[in-house]
Amino acid sequence: MNKLALRGTVWVASDIHLGEAVPRTARAFYDFLEQARDQADALILCGDLFDAWIGDDHALRTPPAWLAAALDELRATARTIPLLLARGNRDFLMGPSLADALGARLLDAPVVLDTDAGPILLAHGDEYCTDDLAYQRFRRIVRAPRVQQIFLSLPLSLRRAIAAHARARSRQARRAKPMALMDVNAAAIEQALRSAGCTTLVHGHTHRPAIHPLTLDGHTAQRYVLPDWEFDHDAPPRGGWIEIDPAGIRLEYAKTLDPVPEGASGYRIKARPQD
Ligand code: LP5
Ligand code: MN
């Protein structure tokens, strides 16, 4: 099991799903990044930062405007505090070229974080949806190094078409799946915590933010689920993160500001003392 020591205040977010059709989500996320630079000692983005990632080359050679803006914001953050990127089921193809271009560090999750709030198992979370056999089969295929090597060797246009097809198939498959099937499996969670020697798990992916107490071999444990970010389509808007520091672990949600400060998204992620 990978381990990483991170001292001080660590913020963790996931499932922002940045893409060209979510400008308000991007704006709120950039507010979040600005505040992370002010208030955190390190930031971990724990998967599905991007709605789909088809290889570092397209991003670094000719990024579309939305992606160039996102890369600038991420680069500015990595210049200020350590920025760690873990992969999700949409952006598992993020690679070292992207990390290097951002000044960020790829984080090979699941990972045990040694923090001031104690040891924490951190994962994107899709690996724990073990009841979803079709997804786990898909995951095994697309995580295979040879499959990725072939995919990344394809022309960009073909990669875009395959990703669009996979997205369409996934949307269609999800409509036929019961919600419970697309959640984490309790036994998988217990096994993961037991193997990691942890009683705290932080993950995203399910878009079901919550703090779940559980009992693990007679000990109390907690499972924190990170919020997804959506400020463009659904109401009410949603976003949030986990804050880890010597005082413990807190699940924080984006708060809508009224009145909206000039030039801001209207969703001050965390009220500063002067707000
Ligand atoms: O992503 P989301 O939220 O819709 O649902 C996920 C699971 N689906 C996925 C698939 C992704 O959305 C696909 C987009 C990836 C883009 C980048 C990579 C492109 C290809 C890379 C090749 C190396 O993750 C969904 C879960 C759900 O979470 C809840 O946990 O249920 O799983 C599925 O829907 C899987 C389906 O059951 C089967 C999907 C078949 C897709 C066939 C694609 C063929 C092309 C693959 C090329 C190798
Ligand atoms: Mn996900």
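Use the structure listed above.
Since we're looking at a predicted model, the values are computed, not measured.

**Q** Any chance you could break down the packing of aromatic side chains for me, citing the residues and the numbers?
**A** In this structure the tally under the stated criterion is eleven aromatic pairs. With a centroid separation of 6.0 Å and an interplanar angle of 40 degrees, the aromatic rings of Trp229 and Phe231 are classed as tilted. What makes Trp229 buried here is its relative accessible area of 3%. Aromatic rings pair up to connect Trp11, Phe29, Tyr30, Phe32, Trp229, Phe231 and Trp241 into one cluster.

**Q** How would you explain helix α5 (residues 133-143) if you had to name every residue and give the values?
**A** Taken together, the buried positions of α5 are Tyr135, Gln136, Arg139 and Val142. On an axial view of α5, the arc spanned by its buried residues comes to 135 degrees, and they lie on one face. Turned more than 90 degrees from where α5 packs its buried face, Leu133 and Arg140 sit exposed. If you follow the buried residues of α5, they end up packed against α6 (145-153).

**Q** So, the environment of Ala123: which residues are in play, and what are the values?
**A** Within the fold, Ala123 resides in strand β7 (residues 118-123). The spatial distance from the C-alpha of Ala123 to the C-alpha of Val111 is 6.7 Å, given a sequence separation of twelve residues. Ignoring sequence-local partners within four residues, the contact set of Ala123 consists of Cys46, Ala109, Pro110, Tyr128, Val202, His203 and Gly204.

**Q** An account of the site of ligand 1 is needed here, citing residue identities and associated values.
**A** In the neighbourhood of ligand 1, 22 residues make up the surrounding shell, with Arg90, Asp132, Arg167, Ser170 and Lys177 lying closest. Between ligand 1 and Asn89, the relevant distance is 3.0 Å, taken from an oxygen atom to a side-chain nitrogen or oxygen of the residue. The fraction of the free accessible surface of ligand 1 (1000 Å²) that becomes covered by protein chains is 89%. Elements represented by at least two residues in the shell around ligand 1 include exactly α5, α6 and α7 (156-176). Ranked by residues supplied to the shell around ligand 1, first place goes to α7 with eight residues. In terms of residue class, the shell around ligand 1 is made up of twelve nonpolar, four polar and six charged.

**Q** Mind laying out the coordination of the manganese ion (ligand 2), listing which residues take part and the relevant values?
**A** On the protein side, the manganese ion (ligand 2) has Asp48 (OD), Asn89 (OD1), His124 (NE2) and His205 (ND1) as donor atoms, found 2.0 to 2.3 Å from it. Sequence spacing of the donor residues for the manganese ion (ligand 2), all on one chain, is D-x40-N-x34-H-x80-H. Residue Asn89 is located in the loop between β4 (83-86) and α4 (96-102), and its partner His124 is located in the loop between β7 and α5; the two are separated by 35 residues in the primary sequence. The buried category is assigned to Asn89, whose relative accessible area is 16%. We classify His124 as buried; its relative accessible area is 2%.

Reading the values: the criteria
- Residues numbered from 1 in each chain as written.
- Chains lettered and ligands numbered in written order.
- Predicted model: local features only at pLDDT ≥ 70, side-chain atom pairs only at ≥ 80, totals over all residues.
- Heavy atoms only, no water.
- Phe/Tyr/Trp six-rings, centres within 6.5 Å; stacked < 30°, edge-to-face > 60°.
- Buried < 20%, exposed > 50% of the residue type's maximum accessible area, 1.4 Å probe, protein only.
- Helix = DSSP H or I, 4+ residues; strand = E, 2+ residues; numbered from the N terminus.
- Arc of directions from axis to C-beta.
- Contact = heavy atoms within 4.5 Å.
- Near = heavy atom within 4 Å.
- Polar contact = N/O pair within 3.5 Å; in protein donor to acceptor, adjacent residues only side chain to side chain.
- Areas by Shrake-Rupley, 256 points an atom, 1.4 Å probe, with all protein chains shown as cover.
- Nonpolar A, V, L, I, M, F, W, Y, C, P; charged D, E, K, R; others polar.
- Donors = N, O, S within 2.8 Å, 3.2 Å for Na, K, Ca; no water.

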